Amino acid sequence: MADVPPVCEFDWPAPDFRLPATDGRTYTRNELLGPNGLLVMFICNHCPYVLAVIDKIVRDAADLQALGVGVAAICSNDAEAYPQDSFDKMREMADAKSFPFPYLHDADQTVARAFGAVCTPDFFGFNADLGLQYRGRLDASRREPGSGDEPREPYEAMKAVAETGRGPAEQVPSMGCSIKWKAA
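Conventions adopted
- Residues numbered from 1 in each chain as written.
- Predicted model: local features only at pLDDT ≥ 70, side-chain atom pairs only at ≥ 80, totals over all residues.
- Heavy atoms only, no water.
- Helix = DSSP H or I, 4+ residues; strand = E, 2+ residues; numbered from the N terminus.
- Polar contact = N/O pair within 3.5 Å; in protein donor to acceptor, adjacent residues only side chain to side chain.
- Core = buried A, V, L, I, M, F, W, Y, C linked by side-chain atoms within 4.5 Å.
- Buried < 20%, exposed > 50% of the residue type's maximum accessible area, 1.4 Å probe, protein only.
- Contact = heavy atoms within 4.5 Å.
- Pairing = 2+ DSSP bridges.
- Expected span 1.5 Å × (residues − 1).
- Phe/Tyr/Trp six-rings, centres within 6.5 Å; stacked < 30°, edge-to-face > 60°.
- Lys NZ or Arg CZ within 6 Å of the ring centre and 35° of its normal.
- Axes fitted to C-alpha atoms, helices over the stretch in contact; angles between N-to-C directions.
- Parallel < 35°, antiparallel > 145°, perpendicular 65-115°, else oblique.
- Nonpolar A, V, L, I, M, F, W, Y, C, P; charged D, E, K, R; others polar.

A. Unusual backbone geometry, seen in detail. The omega angle of the peptide bond from threonine 120 to proline 121 is 0°, so this bond is cis rather than trans. By the secondary structure assignment, proline 121 is in the loop between strand S7 (119–120) and strand S8 (122–126). At serine 98, a residue that is not glycine, the phi angle is positive and equals roughly 50°. Positionally, serine 98 belongs in the loop between helix H3 (87–96) and strand S6 (103–105).

B. Quick peek at the side chain of aspartate 122. Of note, aspartate 122 is situated in strand S8. A polar atom in the side chain of aspartate 122 sits 3.0 Å from the backbone nitrogen of valine 118. Polar side-chain contacts of aspartate 122 include one of 2.9 Å to the side chain of arginine 135.

C. Spatial organisation of the nonpolar core. Counting 33 residues, the largest nonpolar core has Leu39, Met41, Ile43, Ile57, Phe99, Phe101 and Tyr103 as the members making the most contacts within it. Contributions of two or more residues to this core are made by strand S4 (38–42), helix H2 (48–66), strand S5 (70–75), H3 and helix H5 (153–164). For this core, the element with the highest residue contribution is H2, accounting for nine residues. Discounting chain neighbours no more than four positions away, the residues touching phenylalanine 101 are Met41, Ile57, Val58, Ala61, Gln65, Val71, Ala72 and Ala73.

D. Quick look at the pairing of strand S9 (residues 132–136). Of all five residues in S9, five are buried, a share of seventy percent or more. Sheet analysis places S8 next to S9, joined by four bridges and oriented antiparallel. Following the sheet pairing, glycine 125 is matched in S9 by tyrosine 134. Hairpin geometry of S8 and S9 is characterised by an intervening segment of five residues between the two adjacent antiparallel strands and by a positive phi of about 65° at leucine 130.

E. View of H5. The end-to-end C-alpha distance of H5, which contains 12 residues, comes to 16 Å, matching closely the 16 Å that a straight helix rising 1.5 Å per residue would cover. Every buried residue belonging to H5 is among Glu153, Pro154, Tyr155, Ala157, Met158, Val161 and Ala162, and all of these are buried. Turning to H5, the residues buried within the fold contact S4, H2, S8 and S9. Among the residues trailing H5, glycine 165 stands out with phi positive, at a value near 85°.

F. Molecular detail of the packing of aromatic side chains. If you walk through the whole model with that rule in mind, you get nine aromatic pairs. Consider the rings of phenylalanine 17 and phenylalanine 115, whose centres lie 6.1 Å apart with planes at 50°: the pair is tilted. Taken together, the residues phenylalanine 17 in the loop between strand S1 (2–3) and strand S2 (18–20) and phenylalanine 115 in helix H4 (residues 110–115) connect sequence positions 98 residues apart. Assigned by exposure class, phenylalanine 17 and phenylalanine 115 land together as buried. Within the aromatic cluster, the residues linked to one another by ring pairs are Trp12, Phe17, Phe42, Phe115, Phe124 and Phe126. Sitting above the plane of the tyrosine 155 ring, arginine 152 keeps its charged end 4.1 Å from the centroid.

G. Seen up close, the packing of H2 against H5. At a minimum axis separation of 10 Å, H2 and H5 run at an interaxial angle of 10°. Overall, the two elements H2 and H5 adopt an arrangement that is roughly parallel. Of H5, the residues touching H2 (which contributes Asp60, Asp63 and Leu64) are Pro154, Tyr155, Met158 and Lys159. Partitioned by chemical class, the residues of the contact of H2 with H5 number four nonpolar, no polar and three charged.

H. Broad picture of the sheet that holds S6. The strand order across the open sheet formed by five strands is S6-S5-S4-S8-S9, and the pairing between neighbours is mixed. Of all the strands in the sheet, just S6 and S9 have a single pairing partner and so form its edges. If you compare each strand with its neighbour and ignore which way they point, the axes differ by 20° on average. Two strands pair when backbone bridges link them, and S4 and S8 are joined in this way by five bridges, in the antiparallel orientation.

Below you can see the structure in the form of structure tokens.
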């Protein structure tokens, strides 16, 4: 089921976290922060919205890292109910797509809750002071890839953040599959 997150709350502080990654390391928020900011993406392996844009995510992440923006992806879905989002399957996807960023596992979902993540994909862009500057979509793609000439929204937003410390005033919320929360 599609879900839409709220709009950007400028300067909202990035929650701290410490999560294991598919590369065998454990990362904290501060270790991931680049000199010009941090883009945190909530994704998963099975969501058609993520699968439609995963190659663009990889491209934009590499381009942002070249601008001094740290990038990380987090999977917070309930892997018992959605085994395709298990840690082993995450590792397979990261390897198959040559992720240039850490793919983190939020098994207990505390990080997704701290961020207020709603859907996959859900993008959170922070400046070097870890104040939120972008909360939006990747582009106009939905469950199918777009035409290829869509504006690169988080890339352009985070490029501005890298240069000025501020994100764009106009942002379009992401849309995607709801995070698959564990039963209470």
